[in-house]
Amino acid sequence: MTQPPVKRDDIRAPQIIYALYLAGIVTANITLLIGVIIAYVYRKEAAPWLQQHYRYLIRTFWIGTLYACIAFLLSIVIVGTLLWPLLAVWLGVRCVLGWVDVRKGLTPARPNSWLW
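Residues numbered from 1 in each chain as written. Predicted model: local features only at pLDDT ≥ 70, side-chain atom pairs only at ≥ 80, totals over all residues. Heavy atoms only, no water.

Engineer: What's the story with the nonpolar core in this structure? I'm lost.
Structural biologist: Burial of nonpolar side chains together is a common tendency in soluble globular proteins. Counting 22 residues, the largest nonpolar core has Tyr21, Tyr54 and Leu57 as the members making the most contacts within it. Those elements that place two or more of their residues in this core are helix H1 (8-23), helix H2 (30-42), helix H3 (48-75) and helix H4 (83-104). In terms of residue count, the dominant contributor to this core is H3 (8 residues). (Core = buried A, V, L, I, M, F, W, Y, C linked by side-chain atoms within 4.5 Å. Buried < 20%, exposed > 50% of the residue type's maximum accessible area, 1.4 Å probe, protein only. Helix = DSSP H or I, 4+ residues; strand = E, 2+ residues; numbered from the N terminus.)

Engineer: Quick question: what am I supposed to make of the side chain of His53 here?
Structural biologist: Structurally, His53 is set in helix H3. Classification of His53 as buried rests on a relative accessible area of 0%. Look past the residues within four positions of His53 in its chain and what remains in contact with it is Tyr18, Gly98, Asp101, Val102, Leu106, Thr107 and Pro108. (Contact = heavy atoms within 4.5 Å.)

Engineer: Would you take a moment to explain the side chain of Ser113 for this structure?
Structural biologist: Structurally, the position occupied by Ser113 is in the segment after H4. In contact with Ser113, other than residues within four places in its own chain, are Arg59, Ile63 and Arg94.

Engineer: Before we go on, may I ask you to explain unusual backbone geometry in this structure?
Structural biologist: A negative phi angle characterises most non-glycine residues, just as the trans form characterises most peptide bonds. Residue Ala28 is not a glycine yet carries a positive backbone phi of 60 degrees. In this structure, Ala28 sits in the loop between H1 and H2. Using a relative accessible area of 64% as the deciding quantity, one classes Ala28 as exposed. Its identity as a non-glycine residue notwithstanding, Asn29 has a phi of 70 degrees, on the positive side.

Engineer: I would appreciate a short explanation of H4 in the present structure.
Structural biologist: Since there are 3.6 residues in each turn of an α-helix, residues three or four apart along the chain are aligned in direction. Over its 22 residues, H4 runs 32 Å from end to end, which matches the ideal 32 Å to within 8%, given 1.5 Å per residue. Looking at the buried side of H4, the elements it contacts are H1, H2 and H3. Phi for Gly105, located one or two positions after H4, is positive at around 80 degrees. (Expected span 1.5 Å × (residues − 1).)

Given below as structure tokens:
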């Protein structure tokens, strides 16, 4: 079954949000907050397959926030300092996989996953 062509205008916002999330790794997560706000704004007007991407992006923000809080609390006992690089890798992999899927016109492979 062939898939209709993906319009560049439709996928621009999710791509920008994925880029903002990736930039959050080096901007102390400021761009993550901007990205999640954009995701909340655009999600209702999007096509159904893009709504899945917005949901994935919003879940990425909130799950990442939870993981960051856990890493912060565990940093008190030194164990959490090892989790920060893992959290950056988790965010990077999740964003790259989502970005590739949106470019191909596909929904995220596992939008409900807590990993990637």
